[in-house]
Amino acid sequence: MKKILTKEFDEMFDKGEDISDYLDISNAIPAKQLKESLKTKRVNVDFPVYIVNKLDLEAKKIGVTRQSLIKMWIAEKLSETK
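Note that the structure is a prediction, hence the values are computed from the model and not measured.

Scoring rules and cut-offs
- Residues numbered from 1 in each chain as written.
- Predicted model: local features only at pLDDT ≥ 70, side-chain atom pairs only at ≥ 80, totals over all residues.
- Heavy atoms only, no water.
- Patch = residues over 30% accessible without salt bridge, like charges linked within 9 Å, V, L, I, M, F, W, Y side chains within 5 Å.
- Areas by Shrake-Rupley, 256 points an atom, 1.4 Å probe, with all protein chains shown as cover.
- Salt bridge = Lys/Arg side-chain N within 4 Å of Asp/Glu carboxyl O.
- Helix = DSSP H or I, 4+ residues; strand = E, 2+ residues; numbered from the N terminus.
- pLDDT = per-residue confidence, 0-100.
- 1 Å grid on protein atoms, 1.4 Å probe; cavity = no way out; pocket = protein on both sides within 12 Å on 5 of 7 lines; lining within 4 Å.
- Points joined across faces, edges and corners; volume = space filled by probe spheres on them.
- Polar contact = N/O pair within 3.5 Å; in protein donor to acceptor, adjacent residues only side chain to side chain.
- Axes fitted to C-alpha atoms, helices over the stretch in contact; angles between N-to-C directions.
- Parallel < 35°, antiparallel > 145°, perpendicular 65-115°, else oblique.
- Contact = heavy atoms within 4.5 Å.
- Nonpolar A, V, L, I, M, F, W, Y, C, P; charged D, E, K, R; others polar.
- Lys, Arg positive; Asp, Glu negative; His and termini not counted.
- Charge placed at Lys NZ, Arg CZ, Asp CG, Glu CD.
- Buried < 20%, exposed > 50% of the residue type's maximum accessible area, 1.4 Å probe, protein only.
- Expected span 1.5 Å × (residues − 1).
- Arc of directions from axis to C-beta.

Asker: What's the story with a nonpolar patch on the surface in this structure? I'm lost.
Answerer: Among the surface-exposed residues, I29, L34 and L38 lie close enough to one another that they form a single nonpolar patch of about 280 Å² accessible area. Relative to the assigned elements, I29 resides in the loop between α1 (6–14) and α2 (31–38).

Asker: Mind showing me how you'd approach the confidence of the model for the protein chain here?
Answerer: It should be kept in mind that the predicted coordinates are not to be read in detail where pLDDT is low. Looking at the protein chain as a whole, the pLDDT averages 92, with 99% of positions reaching at least 70. Element-level pLDDT for the protein chain is lowest in α2, with a mean of 84, against a maximum mean of 98 in helix α3 (residues 49–62).

Asker: Explanation requested: the layout of surface pockets in the structure shown.
Answerer: If you roll a probe as big as a water molecule over the atoms, it shows you where there is empty space left. Of the pockets and cavities examined, the largest pocket occupies roughly 750 Å³. Taken together, 18 residues make up the lining of the largest pocket; nearest its centre are K41, V43, Q67, I70 and K71. With eight residues, the single largest contributor to the lining of the largest pocket is helix α4 (residues 66–80).

Asker: Explain the environment of D18 to me, please; I cannot follow it from the model alone.
Answerer: Its place among the elements puts D18 in the loop between α1 and α2. Considering only alpha carbons, one finds D18 and S68, 50 residues apart in sequence, at a separation of 37 Å. Within polar-contact distance, the side chain of D18 engages the side chain of S20 at 2.7 Å.

Asker: Honestly, the packing of α3 against α4 in this entry has me stumped. Any pointers?
Answerer: Between two packed helices, both the angle of their axes relative to each other and the distance between the axes serve to describe the pair. For the pair α3 and α4, the least separation of the axes is 9 Å and the interaxial angle reads 90°. Taken together, the axes of α3 and α4 are roughly perpendicular relative to one another. Judged by residue contacts, V52, L55, D56, E58, A59 and I62 of α3 engage R66, L69, I70, M72 and W73 from α4. In terms of residue class, the contact of α3 with α4 is built from eight nonpolar, no polar and three charged.

Asker: What's the story with the environment of S20 in this structure? I'm lost.
Answerer: Along the polypeptide, S20 turns up in the loop between α1 and α2. Sequence-wise, S20 and K2 are 18 residues apart; in three dimensions their C-alpha atoms are separated by 9.4 Å.

Asker: When you look at a negative patch on the surface in this model, what are you seeing that I'm missing?
Answerer: Residues E8, D10, E11 and D14 make up a contiguous surface patch of negative charge. Residue class for D10 comes out partly exposed when judged on its relative accessible area of 39%.

Asker: Sorry if this is basic, but what is going on with α3 here?
Answerer: For the α-helix, the turn length of 3.6 residues means that residues three or four positions removed from each other point alike. In this model, α3 (14 residues) spans 20 Å end to end at C-alpha, consistent with the 20 Å of a helix rising 1.5 Å per residue. The set of residues buried in α3 consists of V52, L55 and A59. What you see down the axis of α3 is that its buried residues fit within an arc of 60°, all on one side. What points out from α3, more than 90 degrees from its buried face, is the exposed set Y50, K54, L57, K60 and K61.

Pasting the structure below:
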């Protein structure tokens with residue numbers, strides 16, 4: 001894969017030039033699969049109050065909601081298991 005500066009890449013993209021030589025598509029997923037992966041499904045999980053309180057403290061520290069924190073942590077853990 002060729003390397004260029006971000007500014008050069010952006011200019012090429014904006015001009016509609018071929019940028020394929022500068023893209024790493026080794027981890028790309030098909031659009032259909034991406035669409036499926038972006039769907040959401042509601043799940044309910046019961047936590048003891050002390051865990052909810054700790055989650056709220058951690059979420060507040062980094063400026064996100066409890067739900068966002070839980071999603072981030074689960075996604076990180078799942079990516080480690082690959």
